[in-house]
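# Close look at the chain arrangement
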Amino acid sequence: MTTKTKKHHFDTRAIHAGQEPEPITGAVMTPIFATSTFKQKSPGKHTGFEYARTQNPTRLAFEKCIADLEGGTNAFAYSSGLAAGATVLELLKSGSHLVAVDDMYGGSWRLFEAVRKRSANLQVSYINPDLPETIDSKISDETKMIWIETPSNPLLKITDLTQIAKIAKTRNIITVVDNTFCSPYIQRPLENGIDVVIHSVTKYINGHSDMVGGIVVTKNPEIAEALEFLQNAVGSILDPFSCFLALRGVKTLPLRMHQHCSNAEKIAHWLDQHPKVEKVIYPGLNSHPQHKIATTQMNGFYGAMISVYLKTDMAGVRRALEKLSVFTLAESLGGVESLIGHPVTMSHGSIPKERRTNLNISDNLIRLSVGVESADDLLEDLNQSFEEI
Ligand SMILES: *Cc1c(COP(=O)(O)O)cnc(C)c1O
């Protein structure tokens, strides 16, 4: 099925890749295989499914679908985006050096700094994607992995994926891209020469804010073999019910991404003119320092995440956020409903104040995950809440 559907367009593959009607009943939708084990006909003679940590048909369908959409050969689903990232780090030997972008999901930063530094003697250096010419200087003979998030969280910095892949290839470094903010519809890093793609499935891939999951995709046979071993050996797999939800969610990914991105473009331009707004960060604005790179590597879209510095203090931000009625004040992103986050008190609370200040993650910064509601209603909601500033 995977090879057969390769010819089809993304929209078709989002619905069919990795899925065949269930052979016994003809059920069109892949069932939830709620079983921990599978009968063997004779010792060692099984159907390809032995024990549900190792293989599960619902999970396999979801994994094949995302592998196909990302242009990979193999995918491995995990119980969360962080479990996916943690398993990818297990590709490294203890004491390895990792180079990562300085602006990234707070939980990934915490995983490096508060867990793997202690348990695996991980060495980490950070690069600023705004200064691509300095990237080379952070890489040494000890560097075994480069970890990119683009657009990054929360400042939406863009990293040139082709440049990173080129730097890494000559030195045998594994490149990893957290592609959560884009989804495979907008950006497919494997096509830029990146080795490993990670998603928090919780966000755009599932898209309905009703499960937590992660997935890792590659087309490098050695990495695929190592990840297959690690998924089973470490064991933080995605359960069949969540796989079913995510497989259902991804069918509408192209439709959702069109509406997400067109809403976000309207809102970003509106915010850019607003007198209470100090600065808008959105890769689709000409003012974004890496707007040109975004245009080349994001398939003509710019995502639906917008970061905004308001002309006010913590108290003003609080008043405005309390007044919202269509946007929901909540952690997370990528669902059909619009969310608004306050990085300092929410997603980036685990980062010490000094580091936050150095990175410009300040009290007056808010982050919008633009949903698929009517853009007019979203604009009106922001407008009335900004009157509180
Ligand atoms: C949410 C998120 C994660 C972590 O995923 P979970 O599913 O919450 O564990 C990692 N990276 C990015 C960019 C995210 O937004």
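Residues numbered from 1 in each chain as written. Predicted model: local features only at pLDDT ≥ 70, side-chain atom pairs only at ≥ 80, totals over all residues. Heavy atoms only, no water.

## Focus on the overall build of the protein chain
Our working rule: Numbering of helices and strands runs from the N terminus, with a helix taken as a DSSP run of H or I at least four residues long and a strand as a DSSP run of E at least two residues long. The quantity called the radius of gyration is restricted to C-alpha atoms. Its globule counterpart is 2.2 Å times the number of residues to the power 0.38. For each residue, the accessible area found with a 1.4 Å probe, counting protein chains only, is set against the maximum for its type, and the residue is called buried under 20%, exposed over 50%, and partly exposed in between. Contacts between residues were defined by any pair of non-hydrogen atoms, one from each residue, lying within 4.5 Å. In summary, the charge assignment counts Lys and Arg as positive and Asp and Glu as negative, without counting His or the chain termini. Charged side chains are reduced to one point each, which is NZ for Lys, CZ for Arg, CG for Asp and CD for Glu.
Looking only at helices and strands, the protein chain features 15 helices and twelve strands. Its C-alpha atoms give the protein chain a radius of gyration of 21 Å, near enough to 21 Å, the size a compact globule of 389 residues would have. Each principal axis of the C-alpha atoms in the protein chain carries an extent, and together these give about 75 × 50 × 35 Å. Looking at the protein chain as a whole, 55% of its 389 residues are labelled buried. The contacts in the protein chain between residues at least 6 apart in sequence include a share of 73% that link residues at least 24 apart. Mean positive and mean negative side-chain charge positions of the protein chain (39 and 42 charges, respectively) differ by 5 Å.

## With respect to the side chain of glutamine 19
The condition is simple: Identification of polar contacts relies on pairs of N or O atoms within 3.5 Å, with a donor-acceptor requirement for protein atoms, meaning one able to donate a hydrogen and the other able to accept it, and with residues adjacent in sequence counted only if both atoms are side-chain atoms.
With respect to the secondary-structure elements, glutamine 19 resides in the loop between α2 (10-16) and α3 (57-70). A distance of 2.9 Å separates a polar side-chain atom of glutamine 19 from the backbone oxygen of alanine 17.

## Things to note about the site of the ligand
To be explicit about the condition: Summary of the distance rule: residues count as near a molecule or strand when at least one heavy atom falls within 4 Å of that molecule or strand. Calculation of accessible area relied on Shrake-Rupley with a 1.4 Å probe; when residues are assessed, cover is drawn exclusively from the protein chains displayed.
If you check the shell around the ligand, you find 14 residues, and the closest are Gly81, Asp178, Ser200, Thr202 and Lys203. Here aspartate 178 contributes a side-chain N or O atom positioned 2.6 Å from a nitrogen atom of the ligand. In this structure, an oxygen atom belonging to the ligand sits 2.7 Å away from a side-chain N or O atom of threonine 202. When isolated, the ligand has an accessible area of 380 Å², and the protein chains bury 92% of it.

## Examining the nonpolar core
For the record, the criterion: Joining through side-chain atoms within 4.5 Å is the link that ties buried Ala, Val, Leu, Ile, Met, Phe, Trp, Tyr and Cys residues into a set, and such a set is a nonpolar core.
Among the nonpolar cores identified, the biggest contains 71 residues, and Phe62, Ile267, Leu271, Ile306 and Leu368 are the most heavily contacted of them. At seven residues, helix α11 (residues 253-273) tops the list of elements feeding residues into this core. Once residues lying within four places of it in the same chain are set aside, the contact partners of leucine 271 are Val277, Val280, Ile306, Val308, Leu368 and Phe386. Core analysis: the next-biggest nonpolar cluster, separate from the first, contains 42 residues, Ala84, Leu111, Ile127 and Val176 among them.

## Quick notes on the pairing of strand β6 (residues 196-200)
Selection criterion: A strand pair is defined by DSSP finding two or more bridges across the two strands.
Along β6, five of the five residues are buried, which leaves the element largely enclosed by surrounding structure. Along β6, one buried face is formed by Val196, Ile198 and Ser200 and the opposite face, lined by Val197 and His199, is buried too. Alignment of strand β5 (residues 174-178) against β6, held across three bridges, turns out to be parallel. Bridge assignment links aspartate 178 to a residue of β6, and that residue is isoleucine 198. Sheet topology places β6 next to strand β7 (residues 214-218); five bridges connect them, and they run antiparallel.

## Regarding the packing of aromatic side chains
Given two aromatic rings, their pairing is described by the distance between the two centres and the angle made by the two planes. The test is simple: Note on aromatic contacts: the rings of Phe and Tyr and the six-membered ring of Trp form a pair at centre separations within 6.5 Å, being stacked when their planes are under 30 degrees apart, edge-to-face when over 60 apart, and tilted otherwise. Put simply, a charge is over a ring when the Lys NZ or the Arg CZ is close to the ring centre, within 6 Å, and near the line of the ring normal, within 35 degrees.
Following the criterion strictly, the structure yields six aromatic pairs and no others. Ring centres 5.1 Å apart and planes at 85 degrees place the aromatic pair phenylalanine 112 and tryptophan 147 in the edge-to-face group. Placement of phenylalanine 112 in helix α5 (residues 106-120) and of tryptophan 147 in strand β4 (residues 143-149) is noted, with a sequence separation of 35 residues between them. When sorted by exposure, phenylalanine 112 lands in the same class as tryptophan 147, which is buried. Taken together, the aromatic side chains of Phe10, Tyr185 and Phe301 make up a single cluster linked through ring pairs. A cation sits over an aromatic face here: lysine 203 above tyrosine 105, 5.2 Å from the ring centre. The ring of tyrosine 126 is capped by arginine 355, whose NZ or CZ atom sits 4.5 Å from the centre of that ring.

## Examining the packing of α3 against helix α10 (residues 240-250)
Which entries qualify depends on this criterion: Structural elements are reduced to axes, namely lines fitted to C-alpha atoms, with helices fitted over the stretch in contact, and the angle between N-to-C directions of any two is expressed from 0 to 180 degrees. Here a crossing is taken to be left-handed if its near helix is turned anticlockwise relative to the far helix by less than a right angle, and right-handed if that turn runs clockwise. Side-chain classes follow a simple rule in which Ala, Val, Leu, Ile, Met, Phe, Trp, Tyr, Cys and Pro form the nonpolar group, Asp, Glu, Lys and Arg form the charged group, and the remainder, Gly included, forms the polar group.
Closest axis-to-axis distance for the α3/α10 pair is 8 Å, and the angle between their directions is 35 degrees. Pair α3 / α10 crosses with left-handed handedness. Contact residues: Thr58, Arg59, Ala61, Phe62, Cys65, Ile66 and Leu69 in α3; Pro240, Cys243, Phe244, Ala246, Leu247 and Val250 in α10. Among the residues making up the contact of α3 with α10, the classes are represented as eleven nonpolar, one polar and one charged.

## Some words on the sheet that holds strand β1 (residues 74-78)
If you trace the seven strands from one edge of the open sheet to the other, you get β1-β7-β6-β5-β4-β2-β3, paired in mixed fashion. Edge positions in the open sheet fall to β1 and β3 (123-127), since each of these has one partner strand only. On average, adjacent strands in this sheet sit at an angle of 20 degrees to one another, irrespective of strand direction. Lying over the sheet, helix α4 (residues 81-89) contacts β1, β2 (97-101), β4, β5, β6 and β7, oriented at roughly 155 degrees with respect to β6. Strand contacts of helix α7 (residues 161-169): β4 and β5, with the helix running at about 175 degrees to β4, the strand carrying the most contacts.

## Topic: the side chain of lysine 203
Within the secondary structure, lysine 203 sits in the loop between β6 and β7. With residues up to four places along the chain from it excluded, the contact list for lysine 203 reads Thr180, Ser332, Leu333 and Gly334.

## Description of the pattern of salt bridges
Convention followed: A carboxyl oxygen of Asp or Glu within 4 Å of a side-chain nitrogen of Lys or Arg is what we treat as a salt bridge.
Scanning all chains against the criterion turns up nine salt bridges. With a closest N to O distance of 3.4 Å, glutamate 90 and arginine 116 form a salt bridge. Residue glutamate 90 is found in the loop between α4 and β2, and its partner arginine 116 is found in helix α5; the two are separated by 26 residues along the sequence.

## Overview of the pairing of strand β12 (residues 365-369)
Among the five residues in β12, five count as buried, and that is most of the element. Burial of β12 is two-sided: the residues Leu365, Arg367 and Ser369 facing one way and the residues Ile366 and Leu368 facing the other way are all buried. In this sheet, β12 lies alongside strand β9 (residues 305-310) in antiparallel orientation, the contact comprising five bridges. Each residue of the ladder has a partner; that of isoleucine 306, found in β12, is leucine 368.

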